[in-house]
Amino acid sequence: MATKIRLQRRGRKGYAYYPVVVADSRAPRDGKFIERIGSYNPNTNPATIDLNFDRALYWLQVGAQPTDTVRSILRGEGVCLKKHLLEGVKKGAFDEAAAEAKFQTWLADKEIASQAKKDKDRETRKVVEKERLAAEKEANRAKAEAVAQKKASIAAAKAAAEAKAAAETENSVAE
């Protein structure tokens, strides 16, 4: 039986999430599967990936073929690297301790890069928020000036009308 590691589509229209499953290659996309090994939610920022690392590694080692999207998810999580390192151990290229050290180094570097990206995104959001606040303050200031100008013109017109009425009253009194 040819097995594939692939995504199933779930969720509603426009807001899908994807369970990562191991299934017979002949089964329909959303049909029968052998085992669910994780999930992928592209709706969050960054995308949320929940993966059972050991089971994904097991299925890769027994010959399950991942689809292109799942392969990129597995690479991002380090499953493909771990499989590659374990094959190197089997071939005698290096020992298991060296393989584990390389994998841990990769995980640490990935965590540092991920944290740097999150920090950069946070700083970008702060800058955008400051710019939006400054633009809003400027718009409010301009609106306040327009309102003050309008009130001043209304007050001037009212004062002119009162002055005219007072002048007419004086004229009628003088006559």
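Preceding this paragraph is the structure being described.
A brief structural summary. Given the structure is predicted, the values throughout are model-derived calculations rather than measurements.

**Focus: the packing of aromatic side chains**
Within the structure shown, the criterion is met by 4 aromatic pairs. Ring plane angle 75° and centroid distance 5.4 Å describe the contact between Y58 and W59, whose orientation is recorded as edge-to-face. Note on Y58: relative accessible area 38%, which makes it partly exposed. A relative accessible area of 11% means that W59 is categorised as buried. Relative to W106, the ring of F103 lies with its centre 6.1 Å away and its plane at 20°, an arrangement referred to as stacked. Remark: W106 and F103 occur in helix 4 (residues 96-174); sequence separation between them is 3 residues, near one turn of the helix. Given the relative accessible area of 26%, W106 is considered partly exposed. Between the NZ or CZ atom of K82 and the centre of the ring of F103, over which it lies, the distance is 4.9 Å. The ring of F94 carries the charged tip of K102 above its face, separated from the ring centre by 4.3 Å.

**Thoughts on the pairing of strand 5 (residues 48-51)**
Both strand 4 (residues 35-41) and strand 5 contribute to a ladder of 4 bridges, which runs antiparallel. Considered in strand 5, the bridge of N41 is made with T48. The loop that links strand 4 with its antiparallel partner strand 5 comprises 6 residues.

**Re the side chain of R6**
Within the secondary structure, R6 sits in strand 1 (residues 3-7). The buried charged residue R6 lacks any salt bridge, with D24 as its nearest oppositely charged partner at 7.3 Å. Engagement of the side chain of R6 in a polar contact is seen with the backbone oxygen of A27, the distance being 2.8 Å. Excluding anything up to four places from it in sequence, R6 contacts P19, V20, V21, A23, D24, S25, A27, P28, R29, T67 and V70.

**Things to note about the pairing of strand 1**
Among the 5 residues that make up strand 1, 4 are buried, leaving the element largely enclosed by the rest of the structure. Both strand 1 and strand 3 (residues 15-24) contribute to a ladder of 5 bridges, which runs antiparallel. Bridge pairing in strand 3 links L7 to V20. Inspection of the sheet shows strand 1 paired to strand 6 (residues 65-66) by 2 bridges, in the parallel sense. Residue pairing for strand 6: I5 is matched across the bridge by P66.

Cut-offs used in this document
- Residues numbered from 1 in each chain as written.
- Predicted model: local features only at pLDDT ≥ 70, side-chain atom pairs only at ≥ 80, totals over all residues.
- Heavy atoms only, no water.
- Phe/Tyr/Trp six-rings, centres within 6.5 Å; stacked < 30°, edge-to-face > 60°.
- Buried < 20%, exposed > 50% of the residue type's maximum accessible area, 1.4 Å probe, protein only.
- Helix = DSSP H or I, 4+ residues; strand = E, 2+ residues; numbered from the N terminus.
- Lys NZ or Arg CZ within 6 Å of the ring centre and 35° of its normal.
- Pairing = 2+ DSSP bridges.
- Lys, Arg positive; Asp, Glu negative; His and termini not counted.
- Salt bridge = Lys/Arg side-chain N within 4 Å of Asp/Glu carboxyl O.
- Polar contact = N/O pair within 3.5 Å; in protein donor to acceptor, adjacent residues only side chain to side chain.
- Contact = heavy atoms within 4.5 Å.

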